[in-house]
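Summary of structural features
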Amino acid sequence: MSTPRALTSADLPALVQWFEQQWGADCVVGHGRTYTPAMLSGFVVETDGAWQGVITYEIVDGACEIVTLDSRSEGRGIGAALIEVVAALARAEGCSRLWLITTNDNLNALRFYQKRGFRLVAVHPGAVDEARRLKPSIPLIGNDGIPLHDELELERAP
């Protein structure tokens, strides 16, 4: 696996395509906000020019939010490497918190993040139901046939 590198403006077309493929849209909704991940800062991991993983983040008020994290190959350390490069950047920027939102159906993500030091700090009941008002394409049923209703907030020190 190659070392994560910062996304640049030259990556914008590939980044837009990545989000269309991974998320089925050019935007994501979390905690009542609509994000256009292609407009955020981030990092990519490539192998022979092919993108293997992408992370986007936003730093606000001394906290670094991981907005998106995707890997095309699980179990190869891509997601972990991307988290750690953002954590290092957040530390360098003086952030006291590294945090993210996932959904109540995303059991794989819960397992993954907790193994990397994240702790569940809040449950936002009905937040996904509200997010559907901003993004109607969010499905009613998520992974493993689990009804999709709530956002789960996780955090760790950078």
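Just so it is clear, the model here is predicted, and its values are computed rather than measured.

Parameters and conventions
Residues numbered from 1 in each chain as written. Predicted model: local features only at pLDDT ≥ 70, side-chain atom pairs only at ≥ 80, totals over all residues. Heavy atoms only, no water. Helix = DSSP H or I, 4+ residues; strand = E, 2+ residues; numbered from the N terminus. Buried < 20%, exposed > 50% of the residue type's maximum accessible area, 1.4 Å probe, protein only. Lys, Arg positive; Asp, Glu negative; His and termini not counted. Salt bridge = Lys/Arg side-chain N within 4 Å of Asp/Glu carboxyl O. Contact = heavy atoms within 4.5 Å. Core = buried A, V, L, I, M, F, W, Y, C linked by side-chain atoms within 4.5 Å. Pairing = 2+ DSSP bridges. Axes fitted to C-alpha atoms, helices over the stretch in contact; angles between N-to-C directions. Phe/Tyr/Trp six-rings, centres within 6.5 Å; stacked < 30°, edge-to-face > 60°.

Considering the side chain of Asp70
- Along the polypeptide, Asp70 turns up in strand β6 (residues 63-71).
- Buried within the structure, Asp70 lacks any salt-bridge partner; Arg72 is the closest side chain of opposite charge, at an N-O distance of 8.7 Å.
- Those residues in contact with Asp70, other than ones at most four positions away along the chain, are Trp18, Phe19, Gln22, Trp23, Gln52, Gly53, Val54 and Leu82.

Re the nonpolar core
- Judged by nonpolar contacts, the single largest core of 22 residues is most densely connected at Ile55, Ile66, Ile83, Val86, Leu98, Tyr113 and Phe118.
- Those elements that provide at least two residues to this core are β4 (41-47), β5 (50-60), β6, α2 (78-92), β7 (97-103), α3 (107-115) and β9 (151-156).
- Top element by residues in this core is α2. It accounts for 6 residues.
- Residues contacting Phe118, with those up to four places away along its chain left out, are Ile66, Ile83, Leu98, Leu100, Tyr113, Leu154, Glu155 and Arg156.

Here we look at the sheet that holds β6
- Sheet architecture is open: 7 strands sit in the order β1-β4-β5-β6-β7-β9-β8, paired in mixed fashion. Each end of this open sheet is capped by a strand with a single partner; those strands are β1 (5-6) and β8 (119-124).
- Where β8 meets β9, 5 bridges bridge the pair, whose relative direction is antiparallel. Along β9, the bridge assignment pairs Arg119 with Glu155.
- On the sheet, helix α1 (residues 12-23) packs against β5 and β6 and is oriented at approximately 95° with respect to β5.

Comments concerning the packing of aromatic side chains
- Evaluated as defined, the whole model comprises 4 aromatic pairs.
- Centroid distance Phe43 to Tyr57: 6.1 Å. Interplanar angle 20°. Geometry classified as stacked. Here the residue Phe43 occupies a position in strand β4, and Tyr57 occupies one in strand β5, the gap between them amounting to 14 residues.
- Given the relative accessible area of 9%, Phe43 is considered buried.
- Ring centres of Tyr113 and Phe118 lie 5.4 Å apart, and the angle between their planes is 70°; this geometry places the pair in the edge-to-face category. Comparing Tyr113 with Phe118 shows no difference in burial state: the two are buried.
- Linked through ring pairs, Phe112, Tyr113 and Phe118 together constitute an aromatic cluster.

In short, geometric facts, not functional conclusions.
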